[in-house]
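A closer look at the structure
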Amino acid sequence: SLWVEPSGGILFGADEKGQVQIYKGEKDGLSYSLSSRTQVLGPKTIPITSFKFIYLKMDRTLKPFVLVNAKDNLIRIFTVKSTSPSSLGLVPYREIPVLNKTESIHSSFCPAAVYRDAPCLVTGSEDCTIYFHDVKRRDIKPLNKLIGHGAPVVDVCWSHDEVLLASADTSGTVILWARVKIGKT
């Protein structure tokens, strides 16, 4: 899994060994060079299936976070303490259980999470369900879920305005979910 830090100066790569590599952008703006490797999932070799970097609003300030999916039934959220050339300083923030043992499940922060006091994430699952979680809440119960797939949901992707959510499963089915405001009548 690859992810570019919003400024474009750092490229992250995550692999099947549970490692994250940091590549620093060169002055030419066209290339990156490996600057460090970090084992983020402890001593075990657990494949990372998804890696995302975002700034989230926490206590009225924007702080860098990383979202990691791995094939061990957990989504991990880390705060980023350092992206120095010699190391990636990740501090565990929260773990969320999700059925993910055999497939390459991907999760995503909601795009407007940067501006919310209660940032959330969405994830697929091997139980054919899409789950929404509040990043700050320590409760493992999801905020909401969507049911409609007949096979494990391996990827989810929001439109930039969070009006549409696309989800894909292992059978090749893609569903577009439209957000509908329910108001008083």
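Above this text sits the structure in question.
Residues numbered from 1 in each chain as written. Predicted model: local features only at pLDDT ≥ 70, side-chain atom pairs only at ≥ 80, totals over all residues. Heavy atoms only, no water.

1. Examining the sheet that holds strand E11 (residues 129-134)
By definition, the strands of a sheet pair up through backbone hydrogen bonds, in either a parallel or an antiparallel sense. Under the convention used in this document: A pair of strands is labelled paired if DSSP reports no fewer than 2 bridges between them. Only DSSP runs of H or I reaching four residues or more are called helices, and only runs of E reaching two or more are called strands; each is numbered from the N terminus. Angles shown run from 0 to 180 degrees and are taken between the N-to-C directions of axes, each axis being a line fitted to C-alpha atoms and, for helices, limited to the stretch in contact.
In spatial order, the strands read E9-E10-E11-E12; together these four strands make up an open sheet with antiparallel pairing. Edge positions in the open sheet fall to strand E9 (107-109) and strand E12 (144-147), since each of these has one partner strand only. Averaged over all pairs of adjacent strands, the angle between their axes in this sheet comes to 15°, without regard to strand direction. Looking at chain direction, E9 and strand E10 (residues 120-123) are connected through three bridges and run antiparallel. Bridge pairing in E10 links serine 107 to threonine 123.

2. What about the side chain of serine 167?
Using the following cut-off: Here a polar contact means two N or O atoms within 3.5 Å. Within protein one must be a hydrogen donor candidate and the other an acceptor candidate, and residues neighboring in sequence count only if both atoms are side-chain atoms. Two residues form a contact once any of their heavy atoms are found within 4.5 Å.
On the secondary structure map, serine 167 appears in strand E14 (residues 164-169). Within the local environment of serine 167, its side chain forms a polar contact with the side chain of histidine 149, the two groups lying 2.6 Å apart. In this structure, serine 167 is in contact with Ile130, His149, Val153, Asp155, Val156, Thr173, Val174, Ile175 and Trp177, ignoring residues within four places of it in sequence.

3. Describing the packing of aromatic side chains
Short version of the rule: Any Phe, Tyr or Trp ring, taking Trp's six-membered ring, that has another such ring centre within 6.5 Å forms a pair; planes under 30 degrees apart are called stacked, those over 60 apart edge-to-face, and the others tilted. Only protein chains enter the accessibility calculation, which uses a 1.4 Å probe. A residue is then buried if its area is under 20% of the maximum for its type, exposed if over 50%, and partly exposed in between.
Tallying each qualifying case throughout the model produces five aromatic pairs. Their ring planes at 40° and their centres at 5.3 Å tell us that phenylalanine 12 and phenylalanine 51 sit as a pair that is tilted. Of the two residues, phenylalanine 12 is situated in strand E2 (residues 10-14) and phenylalanine 51 in strand E5 (residues 48-58); the sequence distance between them amounts to 39 residues. Taking relative accessible area as the criterion, phenylalanine 12 reaches 0% and is therefore assigned buried. With 5.5 Å between their ring centres and 85° between their planes, phenylalanine 53 and tyrosine 55 make a pair best called edge-to-face. In this structure phenylalanine 53 comes out as buried when scored by relative accessible area, which is 4%. An aromatic cluster is built from Phe12, Phe51, Phe53 and Tyr55, whose rings are joined through pairwise contacts.

4. Some points on the pattern of salt bridges
Cut-off, in case you're wondering: A carboxyl oxygen of Asp or Glu within 4 Å of a side-chain nitrogen of Lys or Arg is what we treat as a salt bridge.
Here the structure, examined in full by the defined rule, presents three salt bridges. Salt-bridge contacts for arginine 179 lead to glutamate 162; the nearest nitrogen and oxygen are separated by 3.5 Å. Remark: glutamate 162 occurs in the loop between strand E13 (153-158) and E14 and arginine 179 occurs in the segment after strand E15 (174-178); sequence separation between them is 17 residues. Each member of the salt-bridge network shares a partner with another, and the members are Asp72, Arg76 and Glu95.

5. Some points on the sheet that holds E15
Here we have three strands laid out as an open sheet, ordered E13-E14-E15, and antiparallel in their pairing. Looking at the sheet topology across the chains shown, the edges are occupied by E13 and E15. Geometrically, the sheet is characterised by an average inter-axis angle of 20° between neighbouring strands, direction not taken into account. Bridge count between E14 and E15: five bridges; the pairing is antiparallel. Looking across to E15, one finds that leucine 165 is bridged to tryptophan 177.

So, to be careful, I would describe these as geometric facts and stop short of saying anything about function.
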